[in-house]
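For reference, the chains in residue letters:
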Amino acid sequence: MRRPWRRTLWFALALLAMAGHARADGMPPVHRLLFDVRSTHSDGAHDVDALVRLSEARDIDILAITDHDRKGIRLGLAPFPDLLGWTIDKRSLYTTGLTPFFADLARARKQYPQMTLLAGTESAPGYAWSGIPFYKLTLHNAERAMITLGEEKPAQIRALPSYDLRYAQGSVALGIIFWTVLAAGLFAWMLRRRMRGFALLLLLVACAFALWWWTQKAPDADAAFIRAAQGEGLFVLWTHPGTRSGVRQGPMGVWLDTPPYPQQVFRRPLADGFAGIYGDTDHIAEPGGRWDAFLDAYLHGRADKPVWVVSAGDFHGQGQAGEYLGNFPMDLWTTDTTPAGVLVAMHLGHMVAWGLPRDRNLRFVRLACVDASGHRLLPGDRAGVDSNVAVTGLLDERPAAAGGAPTSWPVQIIVDGQVVATPALTLGQPFRWPLHLGPGPHAVRLRLWQGAIRMLSNPFLLQVRG
């Protein structure tokens, strides 16, 4: 586990490196980032080489391969599911091996130096059972997932509690049936054998065991996972918090139940980010929603840190479920495209999330908040500014769409959860949108939601001087 001072030093050095490579206008260049991508090291359809080729075709230059660390289902008896349990493991890094995964990553980094490659995982922090076999046996929250980014060695993945199914809770119903039948059988056998002393001792032990079991609190698997991942220096984020997978029947007659979990995103300990754009419809980042309320709490000192928005596509194979690699990319501003530099930029929130159809590839070449004194802020920056501020930038597309495709979209400018303007964002035309802000803290962000084209920027966190 990294010590806090080492992590602080790592960030400081990376920030110095970024400052030493700024552009002439003081702003770092933009890069195209993609993650939430599975390879053949888990349940993906493409190997690392194929993923790099597909990424280059979509003009992506930073690719994070986030395979399942472990995709295992353990049906065990509470309260000892790891001792009295049966586990089925599907293809994941646990079955294919961590050493081959990192060896493949090292090879690909040498073979494709033009592409920044990161390692990561998709993980299920924990799950629980209810019901019994053949009667409403249900697996809860097995599809509530988190993504980590930045692993450089196997030990960082082994340290995740999901890797050893540490918080795979057993079936309480099966446990009650098993322990009751076992205790009753032993008790009856001892009475028949006239072992009344042992029978009384068994009864006392059974009562003590039941009392101990009754007073046990369910472990907070989500909090434990976040602490473990951040303790390893990883960027950790929630995927698909507005999931609509609902209750449905899975394999072997087991029911799967993963309700939406937006409330988890803003609970302590806080993850570093959450997916606001993906295949389902999500309401967390709507104007005045949960995210805006949290940003207000952060600006007024009621939250320890911001939580950034990202896009996540859950990509497994080209064309599977109608998805294509690059449909959910991100713009990332950084001068340091090493894995460490990319993570620093993500921690700083210098990101814009996109959801795009297969035939479009929009991106911001520039996006900044500028005041009268010439201060320029990137998305995610927090700083004091003059009251006369404006959002400026330029939207580009590579390659340009053909056939008279739309080139202008209404964009919401959201200030403190309220839509204050909806100007047109036109492809290839620089824009400058003035804002009129009163003194005090403000969160300013952009949102575009037009059919298959969606965009969420991370906020400019402003302290307007009086």
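Each remark here, short or long, concerns the structure printed above.
Residues numbered from 1 in each chain as written. Predicted model: local features only at pLDDT ≥ 70, side-chain atom pairs only at ≥ 80, totals over all residues. Heavy atoms only, no water.

A. Quick peek at the sheet that holds strand S12 (residues 255-258). The strand order across the open sheet formed by five strands is S9-S6-S7-S12-S11, and the pairing between neighbours is mixed. Either end of the sheet is taken by a strand with one partner, and the two such strands are strand S9 (168-171) and strand S11 (246-249). Between one strand and the next, the sheet's axes are offset by a mean angle of 15°, whatever the strand orientation. Two elements, S11 and S12, share four bridges in a ladder whose sense is antiparallel. Within S12, the position partnered with Gln-249 by the bridge is Trp-255. (Pairing = 2+ DSSP bridges. Helix = DSSP H or I, 4+ residues; strand = E, 2+ residues; numbered from the N terminus. Axes fitted to C-alpha atoms, helices over the stretch in contact; angles between N-to-C directions.)

B. View of a nonpolar patch on the surface. Together, Leu-83, Leu-84, Phe-178, Leu-182 and Leu-186 make up an exposed nonpolar region whose accessible area comes to about 430 Å². Here Leu-186 lies in helix H6 (residues 172-192). (Patch = residues over 30% accessible without salt bridge, like charges linked within 9 Å, V, L, I, M, F, W, Y side chains within 5 Å. Areas by Shrake-Rupley, 256 points an atom, 1.4 Å probe, with all protein chains shown as cover. Salt bridge = Lys/Arg side-chain N within 4 Å of Asp/Glu carboxyl O.)

C. How the structure looks around the sheet that holds strand S18 (residues 376-377). One open sheet accounts for four strands, arranged S18-S17-S20-S25; its pairing is antiparallel. Each of the sheet's edge strands pairs with one partner strand only, and the pair in question is S18 and strand S25 (431-436). Of the strand pairs in this sheet, strand S17 (residues 362-371) and strand S20 (residues 388-397) are connected by nine bridges, and their pairing is antiparallel. Directly across from Leu-367, in S20, lies its bridge partner Gly-393.

D. Structural context of the pattern of salt bridges. In this structure the tally under the stated criterion is 21 salt bridges. For the salt bridge of Lys-305 with Asp-272, the shortest nitrogen-to-oxygen distance reads 2.6 Å. Here Asp-272 lies in the loop between helix H9 (262-265) and strand S13 (273-277) and Lys-305 lies in the loop between helix H10 (290-299) and strand S14 (308-311), a separation of 33 residues in the sequence. For Glu-397, the salt bridge identified is with Arg-360, shortest N-O distance 2.8 Å. Of the two residues, Glu-397 sits in strand S20 while Arg-360 sits in the loop between strand S16 (351-355) and S17, which places them 37 residues apart along the sequence. Here the two residues Glu-397 and Arg-360 agree in accessibility, since each one is buried. Salt bridges linked by common partners bring Asp-36, Arg-38, Glu-122 and Asp-314 together as one network. (Buried < 20%, exposed > 50% of the residue type's maximum accessible area, 1.4 Å probe, protein only.)

E. Broad picture of the packing of aromatic side chains. What the rule picks out here adds up to 16 aromatic pairs. Put simply, the rings of Phe-80, Phe-178, Trp-179, Phe-209, Trp-212 and Trp-213 pair up and form one aromatic cluster. The ring of Tyr-298 is capped by Arg-382, whose NZ or CZ atom sits 4.9 Å from the centre of that ring. (Phe/Tyr/Trp six-rings, centres within 6.5 Å; stacked < 30°, edge-to-face > 60°. Lys NZ or Arg CZ within 6 Å of the ring centre and 35° of its normal.)

F. Molecular detail of the nonpolar core. By size, the foremost hydrophobic cluster in this structure holds 52 residues, and its most contacted members are Phe-35, Phe-274 and Met-346. Element by element, the count of residues in this core is highest for H10, at six residues. Residues within four places of Phe-274 in sequence aside, it is in contact with Leu-237, Trp-238, Val-265, Phe-266, Ile-284, Trp-291, Val-307, Trp-308, Val-309 and Val-310. Among the nonpolar cores identified, the runner-up in size contains 35 residues, and Val-30, Ala-368, Met-455 and Val-464 belong to it. (Core = buried A, V, L, I, M, F, W, Y, C linked by side-chain atoms within 4.5 Å. Contact = heavy atoms within 4.5 Å.)

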